[in-house]
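# Inside the fold
This is what each chain is made of:
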Amino acid sequence: MFLCIFRQICYLCIKETTEDASMESISLRGMGVALITPFDSDKKIDFRALERMIEYLIAGNVDYLVVLGTTGETVTLSREERILVRRFTIDKVGGRVPLIVGFGGNNTQELVEELKEADLSGFSAILSVAPFYNKPSQEGIYQHYKAIIEASPLPVILYNIPGRTGVNISAETTLRLANEFPQLIGIKEASGNFKQIETIINHRPDNFYVISGDDSLTYPLMTLGADGVISVVGNAFPVQFGNMVRLCLNGNFKEALPIHYNFTRLYDELFVDGNPAGIKSLLHDMGMIENELRLPLVPTRFETSEELRKILNELSAYRN
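Below or above, wherever it landed, is the structure these notes cover. Small disclaimer: the values here were computed from a predicted structure and weren't measured. (Residues numbered from 1 in each chain as written. Predicted model: local features only at pLDDT ≥ 70, side-chain atom pairs only at ≥ 80, totals over all residues. Heavy atoms only, no water.)

## Observations concerning the nonpolar core
- Ranked by size, the top nonpolar core spans 85 residues in total, and within it Leu266 and Leu282 carry the most contacts.
- With 6 residues, the top contributor of residues to this core is helix H2 (residues 47-59).
- By size, the runner-up hydrophobic cluster in this structure holds 17 residues, among which are Ile26, Val129, Tyr159 and Ala190. (Core = buried A, V, L, I, M, F, W, Y, C linked by side-chain atoms within 4.5 Å. Buried < 20%, exposed > 50% of the residue type's maximum accessible area, 1.4 Å probe, protein only. Helix = DSSP H or I, 4+ residues; strand = E, 2+ residues; numbered from the N terminus.)

## Considerations on the packing of H2 against helix H3 (residues 79-93)
- Between H2 and H3, the shortest axis-to-axis distance is 10 Å and the interhelical angle comes to 45°. Overall, the two elements H2 and H3 adopt an arrangement that is oblique. In this structure, H2 crosses over H3, and the sense of that crossing is right-handed. Each of Phe47, Leu50, Glu51, Ile54, Glu55 and Ile58 in H2 lies in contact with H3, whose residues at this interface are Leu84, Val85, Phe88, Thr89, Lys92 and Val93.
- Among the residues making up the contact of H2 with H3, the classes are represented as 8 nonpolar, 1 polar and 3 charged. (Axes fitted to C-alpha atoms, helices over the stretch in contact; angles between N-to-C directions. Parallel < 35°, antiparallel > 145°, perpendicular 65-115°, else oblique. Left-handed = near helix turned anticlockwise from the far one by under 90°. Contact = heavy atoms within 4.5 Å. Nonpolar A, V, L, I, M, F, W, Y, C, P; charged D, E, K, R; others polar.)

## A closer look at the environment of glycine 30
- Assignment of secondary structure puts glycine 30 in strand E1 (residues 30-34).
- Note: C-alpha distance between glycine 30 and threonine 74 (44 residues apart in sequence) is 24 Å.
- Once you skip the residues sitting within four places of it in the chain, glycine 30 turns out to touch Asp63, Asp227, Gly228, Val229, Val245 and Leu249.

## With respect to the pairing of strand E2 (residues 64-67)
- Side chains of E2 alternate between two faces, with Tyr64 and Val66 and Leu65 and Val67 buried alike.
- Two strands pair when backbone bridges link them, and E1 and E2 are joined in this way by 3 bridges, in the parallel orientation. Looking across to E2, one finds that valine 33 is bridged to leucine 65.
- Pairing of E2 with strand E3 (residues 99-102) involves 3 bridges; the strand directions are parallel. (Pairing = 2+ DSSP bridges.)

## Concerning the packing of helix H4 (residues 108-117) against helix H5 (residues 138-151)
- Packing of H4 against H5 brings their axes to within 9 Å, and their N-to-C directions diverge by 10°. Taken together, H4 and H5 sit at an angle that is classed as roughly parallel. The segment H4 lies against H5, with Thr108, Leu111, Val112, Leu115 and Lys116 engaging His144, Ala147, Ile148 and Ala151.
- Here the contact of H4 with H5 is built from residues that sort into 6 nonpolar, 2 polar and 1 charged.

## With respect to the environment of glutamate 180
- Position of glutamate 180 relative to the elements: it lies in helix H7 (residues 171-180).
- Residue classification places glutamate 180 among the partly exposed positions, given a relative accessible area of 41%.
- Through-space distance from the C-alpha of glutamate 180 to that of serine 121 is 25 Å; in sequence the pair is 59 residues apart.

## Topic: the pairing of strand E8 (residues 228-231)
- The two faces of E8 match: Gly228 and Ile230 on one face and Val229 and Ser231 on the other face are all buried.
- Both E1 and E8 contribute to a ladder of 4 bridges, which runs parallel. Of the residues in E8, the one forming a bridge with glycine 32 is isoleucine 230.
- Pairing of strand E7 (residues 209-212) with E8 involves 2 bridges; the strand directions are parallel. Each residue of the ladder has a partner; that of serine 212, found in E8, is valine 229.

Written out as structure tokens, the structure is:
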């Protein structure tokens, strides 16, 4: 009993301190990158390759990094591995760019308990995907996020990707949460539903970010007022894709459009065999990582890898 009370007191103290620091500094305008988790040939986390990726992306002028998201194959990592990745990333980034950590699931109570126990110092916010497989109602989604927001020591970003989760966070639910909880600071939208996203953009409260979760839709969504992207393509092309995003933020859509078109073939091919299989194949050809994934994910088919290699060669002059 005493230990439980002590943990709760510690959690509340950390929560208050972290919230105050994070709410003052976090900005989601620009290009964040959904960082991959590299593996070696034994399927163990390749921390040297992870450090190489971190340095490459920071040198590429990313605005922030997102670790342990979908692209990071987080569902295949053990709890101990997730802790190791969090601490390693914090150490290697060293405060040079803001960090967001993925923290989602479909067991609300378990997620709440893990949030209360986790050491999230060094991170600016959590990105929490909609509960998958359960297919909750909109009221269930609201109550799920209400519990997470109230438990989180950090600001929270919703992640709507119905193609993976099997459930859509409606515009009404997003806006209801955004208006009730100031600690909810944004949504990563990957529904592909332009009407829904435009509704959120037009009716969101002040300081609520709408972020593209789909590289191919980033340009059109930013013309509607989206604040940027959490990118997969940015793992390989941080300078170029980041330039497009920043041009859009400055209203220079005419200059940004050719950059968007340069990536059109890559947008299509990168996700043919799923994410992160495509981006890992590309990064392998760039000499950044081994082309290893954890089951049930497997590398891209030979045909896809060959096509990605051709696209990479065509874009080679475009890389920094």
